[in-house]
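Now for the letters of each chain:
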Amino acid sequence: MKFVLGLTGQTGAGKSLLCDKARDNGFFVVDCDAVAHKVQQTEDVKIALCNVFGSDILSGDNIDRQRLAQKAFASKEQTELLNKTILPFIVDEIKNLISRAKEEYILLDAPTLFEGGADNLCDKVIGVIADREVRHNRIVARDNLTPDRAESRINAGKPDEFYKEKCDFVLTNNGSADEFINNFDILIKDILGGIKNG
């Protein structure tokens with residue numbers, strides 16, 4: 001019987017730092033952003049996205065991710081449109097990856113876990129949050145965005161309360177990366193210990 005752990009959270013909160021630690025603990029990690037990128041190149045999804053956001057999101061035969069992001073993160077309504085359009089395709093591919101994985105423990109690294117209904121595939125969910133200013137600075141540095149673009153991306157996301165209400169566990173990442181990863185490691189070991197003892 002496989003155990004599926006969801007990992008979600010706010011943009012810039014540091015969620016991606018945790019995947020290597022999950023692998024160290026024996027998890028097969030499904031990078032849902034990578035799945036989304038792969039799915040976006042399929043004809044069905046390209047057609048669906050062009051119908052919603054316009055054919056100018058194409059660069060040649062492929063989706064231009066930057067052009068799509070500019071439109072999709074322009075407002076919460078646009079972000080929800082993106083999610084409704086692409087997430088059903090992504091969830092189908094995630095199900096395929098889970099069923100084919102040889103590992104007993106699966107981690108879904110999924111920024112839009114709840115929006116796409118992928119939380120229904122999970123036994124437990126961890127949410128990662130951080131203060132707005134901390135996230136802003138990380139996004140500007142990480143993605144080479146202007147401050148205004150970083151604010152737009154933050155505004156398109158969910159507030160702390162969303163994760164506190166929906167997730168089984170919440171980790172706050174306002175300190176050092178080492179402290180954050182260590183807290184995650186402790187939590188993972190507690191979760192796995194509970195499974196093995198349960």
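Residues numbered from 1 in each chain as written. Predicted model: local features only at pLDDT ≥ 70, side-chain atom pairs only at ≥ 80, totals over all residues. Heavy atoms only, no water.

**Some points on the overall build of the protein**
- Along the backbone of the protein there are nine helices and seven strands.
- A globule of 198 residues ought to have a C-alpha radius of gyration of about 16 Å, and the protein, at 17 Å, matches this closely.
- Across its three principal axes, the protein shows a C-alpha extent of roughly 55 × 40 × 25 Å.
- Across the 198 residues that make up the protein, the buried fraction comes to 42%.
- Contacts in the protein between residues at least 24 apart in sequence constitute 74% of all its contacts with a sequence separation of at least 6.
- When the accessible surface of the protein is totalled, it reaches about 10500 Å², and 48% of it is carbon and sulfur.
- Between the averaged position of the 26 positive side-chain charges in the protein and that of its 32 negative side-chain charges there is a distance of 2 Å. (Helix = DSSP H or I, 4+ residues; strand = E, 2+ residues; numbered from the N terminus. Rg over C-alpha atoms; globule rule 2.2 N^0.38 Å. Buried < 20%, exposed > 50% of the residue type's maximum accessible area, 1.4 Å probe, protein only. Contact = heavy atoms within 4.5 Å. Areas by Shrake-Rupley, 256 points an atom, 1.4 Å probe, with all protein chains shown as cover. Lys, Arg positive; Asp, Glu negative; His and termini not counted. Charge placed at Lys NZ, Arg CZ, Asp CG, Glu CD.)

**Structural notes on the nonpolar core**
- Formed by 35 residues in total, the largest nonpolar core has its most connected members in Val30, Leu49, Ile90, Ile94, Leu108 and Leu113.
- Every element with two or more residues in this core is listed here: helix 2 (32-40), helix 3 (43-53), helix 4 (65-72), helix 5 (76-100), strand 5 (105-109), strand 6 (124-129) and helix 8 (160-166).
- The dominant element in this core, judged by the number of residues it contributes, is helix 5, at eight residues.
- Setting aside its immediate chain neighbours within four residues, Leu49 contacts Gln40, Gly54, Ile57, Ile63, Leu68, Leu82, Thr85 and Ile86.
- If you look at the next biggest cluster of nonpolar residues, it comprises 21 residues, including Ala13, Cys19, Tyr105 and Leu187. (Core = buried A, V, L, I, M, F, W, Y, C linked by side-chain atoms within 4.5 Å.)

**Comments concerning the environment of Leu97**
- Among the secondary structure elements, Leu97 is positioned in helix 5.
- When the C-alpha positions of Leu97 and Val35 are compared, they lie 9.5 Å apart, and in sequence the two are 62 residues distant.
- Those residues within four positions of Leu97 in sequence are excluded, and the remaining contacts are Phe28, Val30 and Val35.

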